[in-house]
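Structural overview for review
Each chain, letter by letter, is given below.
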Amino acid sequence: MLCQYCGRNPAVIHVKTIENGELSKCSLCSECARELGYGNLLTGLGQDFNAILRDFFSGPQEREEVRCKCCGATFSEIARSGKVGCSECYKTFYDRLLPIVQQIHGSVSHRGKVPGAGLPQVRQSGQLSVMRQKLREAIDSENFEQAAALRDSIRALEKGGEP
Amino acid sequence: MSRWYEEPGAENDVVVSTRIQLSRNLAGVPFPTRMSAADRHDTVRRIHEAVFDPNSSLSDSFQFVDMEELTENQAVSLVERRLVSADFISDHAGRALMYAADESAVLMINGEDHLLIQVSAGGLEPDRAYEQADRIDTILNKPLRFAFDPEFGYLTQSPMDLGTGMIASVFLHLPALTDSGATPRISSNLSKLGLFMRGVYGPAAKPLGAVYQLSNHVTLGLSEPEAVANLKSMALQIIAQERAAREKIVRNIAIKDTIWRSLGILLHARLLSTEEFFSLISVVRFGVAAGEISGLSYEKIAALMLHVQPATLAEESGKRMASVEQQALRAELVREALKEMGRQ
């Protein structure tokens, strides 16, 4: 589909607006989206979210895909739709979502509000956060064997067991 | 009771309003795209209970609306009155909203995420709007325990919103920058910084009334006060550019003539299309800021912009109207609203 504004480039963003009392849809290419102020963190940099998801999902198909225990989503479903299935998916597919999050936001972690201040809460153990840091480094340096081992240990720790 | 847009705010010669939105989700419940009808129903029930809990300090101020019970026209009117986004009404199934009597706080349920907390304020007031949104979030988190991860922050359906889950926006009236053709360049430059500036009213490609939404979409790696401060500093730069551009043209007799002619048409017209209304009210707002027109407040202009759009007019009159009828009602409401400003 071509951009409805310039009519030249392929549309990458679909926006909904209200026109003359009715809901209307408009498809824009990334350049027009930037000029008209639509888009997301990636189109601003000339990147396409779907293309990034495809890149991260270009590996060989697994025969029996892992499904999230909470919502039943597989990683390929998440990559196809760009939508994560539920909050548990962020744990289930941590090692595969992390590079996508890094690509979108840069190599950063949350610095904002922490909910429930004043309420008793489960604190992430120091060991777990060190292991997650190591996992990030392993993925960054493409040391996938080490990453896989770390991922398994992190999962075991999260379930309350010993690594 | 007066509405939030009827209260004056800072820098209101250029800034129409400020809005903070926080995306939140319930842990262990599928995100909206994967929800069953039962999940949706249950999520609405849980959030409803949390808001209307007699011990909650929110309970007396909110009204509940089941989106499934609304006609399409009523839903569009909600967007015109800036209570919800166009995306939120694109599907009514299992969605609901709650809003405060002054409409400053809105809770949207089962849209892109389980809950979107939205707080609006007149003028440039991002700190005050954030404080109120933060307060609602803190109150609702106690019974609902929103999904959160120390590394990713608030967990959201789209990985783009991870972190604070906050989109902070300032709505700017930029007639002089629009006139000089500067807005596409400004929007394009901002997009590289994770900020967006888009038209608010009418078609995406041809916005009406020179009102723009400037918003900060960076959610991970900076705190809410930092994101609000970044937005505010960028807004102040654009405000300075707009004021400078106005300064250049305001003494021009042709511009003064346009201001007074626009007011004349609004005061006396018997038919006004949406496009014509927005283009005239934009010039008149500029005339008020330039000190040419007196006796007309920014708040009255803001209220008019929200209330004379097509779906809202149809709600007001209780029926779907032919185009001429709609234009006549719009012209009548505008004359009525401007009558009190007296003869100039």
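Figured I'd write up the structure that's included with this text.

What counts and how
Residues numbered from 1 in each chain as written. Chains lettered and ligands numbered in written order. Predicted model: local features only at pLDDT ≥ 70, side-chain atom pairs only at ≥ 80, totals over all residues. Heavy atoms only, no water. Core = buried A, V, L, I, M, F, W, Y, C linked by side-chain atoms within 4.5 Å. Buried < 20%, exposed > 50% of the residue type's maximum accessible area, 1.4 Å probe, protein only. Helix = DSSP H or I, 4+ residues; strand = E, 2+ residues; numbered from the N terminus. Contact = heavy atoms within 4.5 Å. Buried area = accessible area lost by both parts, 1.4 Å probe. Salt bridge = Lys/Arg side-chain N within 4 Å of Asp/Glu carboxyl O. Polar contact = N/O pair within 3.5 Å; in protein donor to acceptor, adjacent residues only side chain to side chain. Nonpolar A, V, L, I, M, F, W, Y, C, P; charged D, E, K, R; others polar. 1 Å grid on protein atoms, 1.4 Å probe; cavity = no way out; pocket = protein on both sides within 12 Å on 5 of 7 lines; lining within 4 Å. Points joined across faces, edges and corners; volume = space filled by probe spheres on them. Phe/Tyr/Trp six-rings, centres within 6.5 Å; stacked < 30°, edge-to-face > 60°. Axes fitted to C-alpha atoms, helices over the stretch in contact; angles between N-to-C directions. Parallel < 35°, antiparallel > 145°, perpendicular 65-115°, else oblique.

Residue and element names in this part refer to chain B. One finds Ile 20, Leu 107, Leu 140, Leu 172, Leu 214 and Ile 238 to be the most contacted residues of the largest nonpolar core, which totals 55 residues. Ranked by residues supplied to this core, first place goes to helix H6 (residues 224-249) with eight residues. Beyond its immediate stretch of four places on either side in the chain, Leu 107 contacts Val 51, Phe 62, Ala 96, Leu 97, Met 98, Leu 115, Leu 116, Ile 117, Ile 136 and Leu 140. The next biggest cluster of nonpolar side chains, apart from the first, holds 38 residues, and it includes Val 211, Leu 296, Tyr 298 and Ala 302.

Counting residues at the interface gives 69 residues for chain B and 55 residues for chain A. Together, the buried faces of chain B and chain A total about 5200 Å²; carbon and sulfur atoms form 61% of this surface. Among the residues of chain B in contact with chain A, Arg 34, Glu 151 and Met 160 of chain B are the three that bury the most area, contributing 14% of the side total. Inspection of the region where chain B meets chain A yields seven salt bridges. The shortest N-O distance in the salt bridge between Glu 77 of chain A and Arg 34 of chain B comes to 3.0 Å. Between chain B and chain A we count 21 residue pairs in polar contact (both at pLDDT 80 or more) in total. When residues of the side of chain B that touches chain A are traced back to their parent elements, those giving at least two are helix H2 (72-80), helix H3 (126-144), strand S6 (148-149), strand S7 (153-154), helix H5 (183-191), strand S9 (195-201), H6 and helix H10 (310-317) of chain B. Counting residues per element, the side of chain B that touches chain A draws most heavily on H3 of chain B, at six residues. Split into classes, the residues belonging to the side of chain B that touches chain A amount to 30 nonpolar, 23 polar and 16 charged.

Residues and elements named next belong to chain B. Unlike most non-glycine residues, Asn 110 shows phi in positive territory, near 65°. According to the relative accessible area criterion, Asn 110 is buried, its value standing at 0%. Phi is positive for Arg 145, which is not a glycine, with a value near 45°. Along the polypeptide, Arg 145 turns up in the loop between H3 and S6. Relative accessible area serves as the criterion here: at 42%, Arg 145 is assigned to the partly exposed category.

Attention now goes to empty space enclosed by the protein. Residues and elements named next belong to chain B. The tally for this structure, following the rule as stated, stands at three cavities of 30 Å³ or more. Volume-wise, the largest cavity comes out at about 160 Å³. In this structure, the largest cavity is lined by 20 residues; those nearest its centre are Tyr 5, Val 16, Ser 17, Tyr 298 and Ala 302. Contributing elements (two or more residues each) for the lining of the largest cavity: strand S1 (15-24) and helix H9 (298-307). It is H9 that provides the largest number of residues to the lining of the largest cavity, a total of five residues. Considering only residue class, the lining of the largest cavity consists of eleven nonpolar, five polar and four charged.

Attention now goes to the packing of aromatic side chains. For the structure shown, the criterion picks out seven aromatic pairs over all chains. Ring centres 5.8 Å apart and planes at 40° place the aromatic pair Tyr 94 of chain A and Phe 152 of chain B in the tilted group. A residue pair is termed interchain when its members come from two chains, as with Tyr 94 of chain A in helix H5 (residues 94-105) and Phe 152 of chain B in the loop between S6 and S7. Per residue, the accessibility class of Tyr 94 of chain A equals that of Phe 152 of chain B, and both read buried. Measuring from ring centre to ring centre gives 5.1 Å for Phe 148 of chain B and Tyr 154 of chain B, while their planes differ by 65°; the resulting arrangement is edge-to-face.

Before going further, it helps to examine the packing of helix H7 (residues 253-268) of chain B against helix H11 (residues 323-339) of chain B. Relative placement of two packed helices is described by the angle separating their axes and the distance separating the axes. Residues and elements named next belong to chain B. Relative to each other, H7 and H11 sit at 110°, their axes nearing to 7 Å. On the basis of their axis angle, the class for H7 and H11 is roughly perpendicular. The segment H7 lies against H11, with Leu 263, Leu 266, Leu 267 and His 268 engaging Val 334, Arg 335 and Leu 338. Grouping the constituent residues of the contact of H7 with H11 by class yields five nonpolar, one polar and one charged.

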